[in-house]
Amino acid sequence: MKLALVGLGKIARDQHLPAIEATPGARLAAIASRHAGLDGLPCYPTIDALLAAEPGIDAVTLCTPPDRRFAQALAALDAGKHLMLEKPPGATLAEVAALGRRAAAAGVTLFATWHSREAAAVGPARRWLAGREIRSARITWKEDVRHWHPGQGWIWEPGGLGVFDPGINALSIATAILPDPLLVARSALHFPSNRATPIAAEVDMVTAAGAPVAMELDWRQTGPQTWDISVETDDGALTLSKGGAVLTIDGAEQLAEPDEEYRRLYARFVELVAAGESDVDMSPLMLVADAFLVGRRHVVEPFFDAPEMAT
Ligand code: NAP
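Residues numbered from 1 in each chain as written. Predicted model: local features only at pLDDT ≥ 70, side-chain atom pairs only at ≥ 80, totals over all residues. Heavy atoms only, no water.

1. Some words on the packing of aromatic side chains
The criterion, for reference: Aromatic rings from Phe, Tyr and Trp, taking only the six-membered ring of Trp, are treated as a pair when their centres fall within 6.5 Å; an angle between ring planes under 30 degrees marks them as stacked, one over 60 as edge-to-face, and anything in between as tilted. Working definition: helices are DSSP H or I runs of at least four residues, strands are E runs of at least two. Numbering for both runs from the N terminus. Each residue gets one of three labels from its accessible area relative to the maximum for its type: buried under 20%, exposed over 50%, partly exposed in between, using a 1.4 Å probe on protein chains only. Here, over-ring charges are defined by two tests on the NZ atom of lysine or the CZ atom of arginine: distance to the ring centre within 6 Å, and angle to the ring normal within 35 degrees.
Applying the stated rule across the entire model yields 5 aromatic pairs. Ring plane angle 50° and centroid distance 5.3 Å describe the contact between Phe 164 and Phe 292, whose orientation is recorded as tilted. In this pair, Phe 164 sits in helix α7 (residues 164-177) while Phe 292 sits in helix α9 (residues 283-293), placing the two residues 128 residues apart along the sequence. Residue Phe 164 is classed as buried on the basis of its relative accessible area of 0%. Three or more aromatic residues joined by ring pairs form one cluster here, namely Trp 156, Trp 219 and Phe 303. A cation sits over an aromatic face here: Arg 268 above Phe 111, 6.0 Å from the ring centre.

2. Notes on the site of the ligand
Our working definition: For each residue, the test is whether any non-hydrogen atom lies within 4 Å of the molecule or strand; if one does, the residue is near. Pairs of N or O atoms are called polar contacts if they sit within 3.5 Å, as long as, within protein, a hydrogen donor faces a hydrogen acceptor (for residues adjacent in sequence, only side-chain-to-side-chain pairs). Computed with a 1.4 Å probe, the accessible areas rest on the Shrake-Rupley method; for each residue, only the protein chains presented here act as cover. All amino acids are sorted into three groups, where Ala, Val, Leu, Ile, Met, Phe, Trp, Tyr, Cys and Pro are nonpolar, Asp, Glu, Lys and Arg are charged, and the leftover types, Gly among them, are polar.
Taken together, 25 residues lie around the ligand, and Ser 33, His 35, Arg 68, Arg 69 and Asp 165 are the ones closest in. A distance of 2.9 Å separates an oxygen atom of the ligand from a polar atom in the backbone of Lys 10. Contact between the ligand and Gln 152: an oxygen atom at 2.9 Å from a side-chain N or O atom of the residue. Its free accessible area being 870 Å², the ligand has 84% of it covered by the protein chains. Of the residues that constitute the shell around the ligand, the class distribution is 10 nonpolar, 8 polar and 7 charged.

3. Focus on the sheet that holds strand β3 (residues 43-44)
We apply this condition: Strand pairing is assigned whenever DSSP detects at least two bridges linking the two strands. Pairs of residues are marked as contacts when any of their non-hydrogen atoms sit within 4.5 Å. Orientation is described by axes fitted as lines to C-alpha atoms, over the contacting stretch for helices, and by angles from 0 to 180 degrees between their N-to-C directions.
Ordered in space as β3-β2-β1-β4-β5-β6, the 6 strands form an open sheet in which the pairing is parallel. The open sheet terminates on both sides in strands that have one partner only, identified here as β3 and β6 (110-112). Pairing between strand β1 (residues 2-6) and strand β2 (residues 27-32): 5 bridges, direction parallel. The residue bridging Leu 3 from the neighbouring strand is Leu 28, located in β2. Most of the contacts of helix α8 (residues 261-275) go to strand β5 (residues 82-85), to which it runs at about 150°, and overall it touches β1, β4 (59-62), β5 and β6.

4. Some remarks on the pairing of strand β7 (residues 134-142)
With 8 bridges connecting them, β7 and strand β11 (residues 226-233) associate as antiparallel partners. Its bridge partner lying in β11, Ile 139 is registered against Ile 229. With 6 bridges connecting them, β7 and strand β10 (residues 212-218) associate as parallel partners. Counted as the bridge partner of Trp 141 is Leu 217 from β10.

5. Structural notes on α9
Applied cut-off: Throughout, the arc means that of the directions going from the helix axis to the C-beta atoms.
Of all the positions in α9, only Pro 284, Leu 285, Leu 287, Val 288 and Ala 291 are classed as buried. Summarising the axial view, the buried residues of α9 lie within an arc of 160°, below the 170-degree limit, and thus occupy one face. The elements touched by buried residues of α9 are α4 (93-106), α7, β8 (182-192), β9 (200-207) and β15 (295-300).

6. Concerning unusual backbone geometry
Trans peptide bonds make up the majority, and among non-glycine residues the majority have a negative phi. The peptide bond linking Lys 87 to Pro 88 adopts the cis configuration, its omega dihedral lying at -20°. Within the fold, Pro 88 resides in the loop between β5 and α4. Despite not being glycine, Lys 242 has its phi angle at roughly 50°, a positive value. Mapping Lys 242 onto the fold places it in the loop between β12 (236-241) and β13 (246-249). Look at Asp 250: it is not a glycine, yet its phi comes out positive at around 50°. Within the secondary structure, Asp 250 is located in the loop between β13 and β14 (252-256). Since its relative accessible area comes to 54%, Asp 250 is described here as exposed.

Next comes the structure, spelled out in C-alpha cells:
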C-alpha cells in the first residue's frame, strides 16, 4: 500500500513516521504539508497538488488539525483513496457521518482511528469487564498542555476541543471497555478568559444500566501526568493507568507493556483495506459534543503558552 501523509506536525513525526516504517505492507510514498517535508520523498504544499501529481497513491493519512480536515478528506475519497483519520475524526459529527457515506459510495476504506484503544491493556480490560456488573467508574486525565501541545494555536480555537483533545482518548477507552453505552448527564467547562476552548472539565456520565461515571480533565498539571480509568464492579476493581498501558486488578498489576499503539493502528488499516471494510465509531466524539451541549461554562485565569508571558 503506497501511503501519503498530510500534515507533517508533532504526531506525524513522533508516531506515524516510525509506525509506517515498521508496518509490513505499507510504504510512505509522499507528503503534503505547507511548511515541512522529508528528504528523499516527494513533498507538496496541499493534498490537491499531491493527488494530481501522484496517481499511484493507494491511501492517505490525515494528521492535520480536526477542523481543517473535511475538504482534505473529501478530496482523498473522491480520488478513490483509502483514508485514515487521526483522532478526533472531524470537527463535527455530521462531517464524519458524511465522510462515512462518501467512503461507502466510493468503495474505499475509511478508518477513524482511536489510538488509545490500541494501548496494550485495553483489550484485556474489556474482556475482564464483560459479564461483570459495573457499580461506578472514574476517569482522571490530567496533563501539561505546554508539554504536549507546544504553541499549537488551533487547539484553542473553536473546533480544536481544548482539554477534550486528550480527554477524547479517555472516552475512546471507556466506550471500548465498558459493556454499556455512556450518556452525559451534566458537565462543567472551564475556559481561560483569553481562549475559546476549555482548559479543564468535569463531566458526569451514567451508563445505560445506571452506574455513575465521573470524568475529570485538566490541562494544567505539571510534574507526574495522570491518565487513569478505574472501575468498581460487583466482582472486584480494575484500574487502567498510563493511558491504557498498565492493567491492575484488585491492586495487583496484571500487565504493563510498551506502547505499540500506532503500529497496531497501521496494521489494522492494512487489514481493513485488504478486507474492503471501514471502521468509523463516532461514540467518543458524540460524548464530547454532548458535554458541550449540556455544559455549564466557567471563566478561569487566562492561559499563556509560556508562564512568563503572563507577567
Ligand atoms: P500539529 O503539531 O499542529 O501538526 C498538525 C500539522 O498540520 C501542522 O504541522 C501543519 O503542517 C498542518 N496543518 C495544515 N493546516 C493547518 C492549519 N490550518 N493549522 C495548523 N496546522 C495545519 O498537531 P498534532 O499534535 O500533530 O495534532 C494533529 C492531530 O493529531 C490532532 O487531531 C491531534 O488530536 C492528534 N494527536 C495529537 C497528539 C499529540 O500528542 N500531539 C497525540 C495523538 C493524536 P504544515 O504547516 O506544514 O501544513
